[in-house]
Amino acid sequence: MTKLVTYTTGDGPRLGAVQGELIVDLARANSAFPQDVPSGNGWAVDSLGFLEAGAAALKALTGIIDKVSRMDEAQARRDALLVQSASVRLLPPIPAPPKIICVGRNYGKHAEEAGRPISEIPIIFARFAKTLVAPGDNVVVPHVSHQLDWEGELAVIIGKPGRYISRQNALDHVAGYSIFNDVTVRDYQFRITQYTAGKNFSHTGPFGPYLVLRDEITDPHALQITTTLNGEVVQSGNTREMLFDIPAIIEHLSEFIDLEPGDVIPMGTPAGVGFTRKPPRFLKNGDVITVEIEGLGTLSNPVVDEREPA
């Protein structure tokens, strides 16, 4: 399975391909084994460059992995073409997406538990890239509220740009998939009908760990989603339960938004969120919230309290 990661060893973001417990450093490997990509070497430097290069980058990726796999592993590690996964810090797979376009209330049971009607058209709201949280980094409970809630979600990553994309062609515009936790400050969300405030607190958007390329997932509409809080299962659903599937969402969004490579679309959350429980349950300092999606890995984050301003 081809999984891409953005990571750092302390020298800035790097793009890598996961190979078991090792990561192929694509920029260094491309320097050692140059690939013919019309747009130049940017495809190997970061995830946006990779996505913008399209099919040429996919071909180059295959060539790089083949070349490195033929090397003596010890030599590849000495040349820094391979690094140990355990020795790096993962970043969001796309650290600065052009857009994060979230889908709300896209699972019938979640709408039911929230006491909200099922919408006839997709409910859309925006998240800002500055809210993103890397795998393993802290989710922060803001000092102005303690109603911080979890929402494990499938994230769709756009690879091919487009406008007025038909349902029939929609999946051609998908580069791959990842995991998103749309952590939400509920009292701010429900103050008014617009979701922006509750969805955009700092350090509330866990994203990752991988960008799993589209061809590696047979059916994105048949993936198990499980969210655990301190090891206890709090959400268990399947993407087959989505009210609006991926082609429907892409068709709808592209009517009014120019979709770009690197756009992230979290597809909504299944039932089991905290505010609907009796009594309500929210994230607190010391918790660990984890989202696992079949075929996409596990996204886990500790929870800490925000320091109040002096």
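The structure we're discussing is the one just above.
Residues numbered from 1 in each chain as written. Predicted model: local features only at pLDDT ≥ 70, side-chain atom pairs only at ≥ 80, totals over all residues. Heavy atoms only, no water.

1. What to know about the pattern of salt bridges
Logical step 1: Tallied over the entire structure, the rule returns 18 salt bridges.
Logical step 2: A salt bridge links Asp215 to Arg214, with the nearest nitrogen and oxygen atoms 3.8 Å apart.
Logical step 3: With relative accessibility at 69%, the residue Asp215 sits in the exposed group.
Logical step 4: Of the charged contacts in the structure, one is a salt bridge between Arg281 and Glu232, with a shortest N-O distance of 3.0 Å. With Arg281 in the loop between strand 17 (264-266) and strand 18 (288-293) and Glu232 in strand 16 (residues 232-238), this residue pair connects regions lying 49 residues apart in the sequence.
Logical step 5: A relative accessible area of 26% places Arg281 in the partly exposed class.
Logical step 6: On the basis of relative accessible area, Glu232 is assigned to the partly exposed category, the value being 37%.
Logical step 7: Via salt bridges that share partners, Arg127, Asp149, Glu151, Asp182, Arg186 and Lys199 belong to a single interconnected network. (Salt bridge = Lys/Arg side-chain N within 4 Å of Asp/Glu carboxyl O. Buried < 20%, exposed > 50% of the residue type's maximum accessible area, 1.4 Å probe, protein only. Helix = DSSP H or I, 4+ residues; strand = E, 2+ residues; numbered from the N terminus.)

2. Section: the packing of aromatic side chains
Logical step 1: Taken as a whole and assessed by the stated rule, the structure comprises 5 aromatic pairs.
Logical step 2: Judged by centre distance (5.7 Å) and plane angle (45 degrees), the ring pair of Phe180 and Phe207 falls under tilted. On the criterion of sequence distance, the pair formed by Phe180 in strand 12 (residues 174-181) and Phe207 in strand 14 (residues 205-213) is long-range, its members being 27 residues apart.
Logical step 3: Taking the ring centre of Tyr210 as reference, the NZ or CZ of Lys3 above it sits at 4.2 Å.
Logical step 4: Lying over the aromatic face of Tyr188, Arg191 brings its terminal NZ or CZ to 3.7 Å of the ring centre. (Phe/Tyr/Trp six-rings, centres within 6.5 Å; stacked < 30°, edge-to-face > 60°. Lys NZ or Arg CZ within 6 Å of the ring centre and 35° of its normal.)

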